[in-house]
Amino acid sequence: MRSGFVAVVGKPNAGKSTLINALTGKKVSIVSEKPQTTRFKIRGIVNHPEGQIVFVDTPGFHKPKDALGEFLNSQVAGTIKEVDLILFLVDGSRELNEEDRLLIEEIKKSQLPCLLVITKKDLASTETLSALEQEVKKVLPVEGVINVSAITGEGLDLLLEKIFPFLPEGPALYPEEMVTDYPLSIQAAEIIREKVLMNLHQEVPHSVAVSVTHLEEKPEKNLIAIYAEIYVEKDSQKKIVIGREGSMIKKIGTLAREELEYLTGKKIFLELYVKVKEKWREKEAFVKKLYLS
Ligand SMILES: Nc1nc2c(ncn2[C@@H]2O[C@H](COP(=O)(O)OP(=O)(O)OP(=O)(O)O)[C@@H](O)[C@H]2O)c(=O)[nH]1
Ligand SMILES: [Mg+2]
């Protein structure tokens, strides 16, 4: 048996969370077409005949503009230091850019083994994929290259096989039935945020944070009551999240409740409050309170 931690890093939208969900077969991490969906480290666990891999999903590495951006990058830099192997994800449907290059510097500093994973194979030609591979190899020594598509499943089994030789020998690190190790309160907050991302556009999604303030299990009723706050930065955004006569918040609440009921197999009572916290993304203390507590 081998087991260990594998960091999944890449620029925003590279397909990190989608890949981890495809590998675990569960929705461990929320996904959206908008950059900077993931905001903290999320572990996704894969059990395999050869052992156990604990994937660590990370926020997209980018040029930070505010305290939130600095925090997101610090999560990536921190993760890179504490794993057995790095998967550097490069979006196969885009050109290599400044963000990829910034991240390459971080990976080099770590001196850890790194596999290059070119994602979204279904969207790119063989020529594009091999050109990207050559471009990365010029600036970053990698231990191997795998082209994958999380949508078609191509390359996923091969990726798992290529990971194991880099993991130390040892027993599983987490119980076999566990897919992720974060609590229901955080899963609920993420699911609510995902519904906001799915239904709102332009600047609103980036300005939204969700915090579950209270979660109470009522086993006698087979029910879980969840109270959450949705933070936005401006009054105008609050109006958008609430919608005409509360139609948007009702939609977000219904979608989140349905998914939480599916996830837990229990009835969910969900209450959402929308609050304005001006410029919260620029306030380091608030960002840390949200994502580190
Ligand atoms: N066609 C195709 N689309 C993909 C694939 N993987 C991811 N996507 C899409 O790419 C977008 C971004 O995916 P995410 O998994 O959220 O990307 P991420 O790297 O986690 O993004 P951040 O958390 O924002 O850094 C979504 O719209 C996905 O559906 C793939 O293999 N093929
Ligand atoms: Mg993500």
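For the structure itself, look to the data block above.
Just so it is clear, the model here is predicted, and its values are computed rather than measured.

(A) Molecular detail of the layout of surface pockets. Empty space within the largest pocket amounts to approximately 520 Å³. In terms of lining, the largest pocket is formed by 23 residues, of which the most central are F40, I186, L290, Y291 and S293. Those elements giving two or more residues to the lining of the largest pocket turn out to be β2 (42-48), α6 (184-199), β7 (209-218) and α10 (284-292). Of the residues assigned to the lining of the largest pocket, the class counts are 13 nonpolar, four polar and six charged. The two domains that each donate at least three residues to the lining of the largest pocket are domain 1 (2-166) and domain 2 (184-292).

(B) Layout of the sheet that holds strand β1 (residues 2-10). Taken in spatial order, the six strands line up as β2-β3-β1-β4-β5-β6 in an open sheet, and their pairing is mixed. Of all the strands in the sheet, the pair left with one neighbour each is β2 and β6 (144-147). For this sheet, the mean angle separating the axes of adjacent strands, direction not counted, is 25°. As judged from the seven bridges shared by β1 and strand β3 (residues 51-57), these two strands associate in the parallel manner.

(C) Broad picture of the sheet that holds β7. The three strands lie next to each other as β7-β8-β9, forming an open sheet whose pairing is mixed. The sheet is open, and its two borders are formed by β7 and β9 (267-276), each paired with just one other strand. Taken over all neighbouring pairs, the strand axes of this sheet differ in orientation by 15° on average, direction set aside. Its contacts with the sheet place α6 against β7, β8 (223-232) and β9, and it is angled at close to 130° to β7. Of the strands in this sheet, β8 and β9 are in contact with helix α8 (residues 235-242), which crosses β9 at around 155°.

(D) Representation of the site of ligand 1. Close contacts around ligand 1 come from 22 residues, with N13, K16, T18, Q36 and T37 the closest. A distance of 2.9 Å separates an oxygen atom of ligand 1 from a polar atom in the side chain of S17. Considered on its own, ligand 1 offers 650 Å² of accessible surface; in the complex 88% of this is hidden by protein. Considering only residue class, the shell around ligand 1 consists of seven nonpolar, ten polar and five charged.

The rules we used
- Each chain has its residues counted from 1, running along the sequence as written.
- Ligands are numbered from 1 and chains lettered from A, in the order in which they are written.
- Where local features are concerned, this predicted model is filtered to residues with pLDDT of at least 70; where side-chain atom pairs are given and counted, the filter is 80 or more; whole-chain, interface and lining totals use all residues.
- Only hydrogens and water are set aside when side-chain values are computed; all heavy atoms of the structure are taken into account.
- Cavities and pockets were defined on a 1 Å grid built from protein atoms only: a cavity is a group of points that admits a 1.4 Å probe but offers it no way out, a pocket is an open group of points flanked by protein on both sides within 12 Å along at least five of seven lines, and a lining residue is one with an atom within 4 Å of any such point.
- Grid points are joined across faces, edges and corners, and a volume is the space filled by probe spheres set on the points.
- Working definition: helices are DSSP H or I runs of at least four residues, strands are E runs of at least two. Numbering for both runs from the N terminus.
- Polar here means any residue outside two lists: the nonpolar Ala, Val, Leu, Ile, Met, Phe, Trp, Tyr, Cys and Pro, and the charged Asp, Glu, Lys and Arg; Gly therefore counts as polar.
- An automatic or database domain assignment provides the domain bounds reported here.
- DSSP calls a pair of strands paired once it identifies at least 2 bridges connecting them.
- For every element, the axis is a line fit to its C-alpha atoms; helices are fit only across the contacting stretch, and the angle between N-to-C directions ranges from 0 to 180 degrees.
- Any two residues whose heavy atoms approach within 4.5 Å are treated as being in contact.
- Here a residue is near a molecule or strand as soon as one of its heavy atoms is found within 4 Å of it.
- Whenever two N or O atoms come within 3.5 Å, that pair is a polar contact, provided that in protein one can donate a hydrogen and the other can accept it, and provided that, for residues adjacent in sequence, both atoms are side-chain atoms.
- Note on areas: Shrake-Rupley, 1.4 Å probe, and residue coverage restricted to the protein chains presented here.

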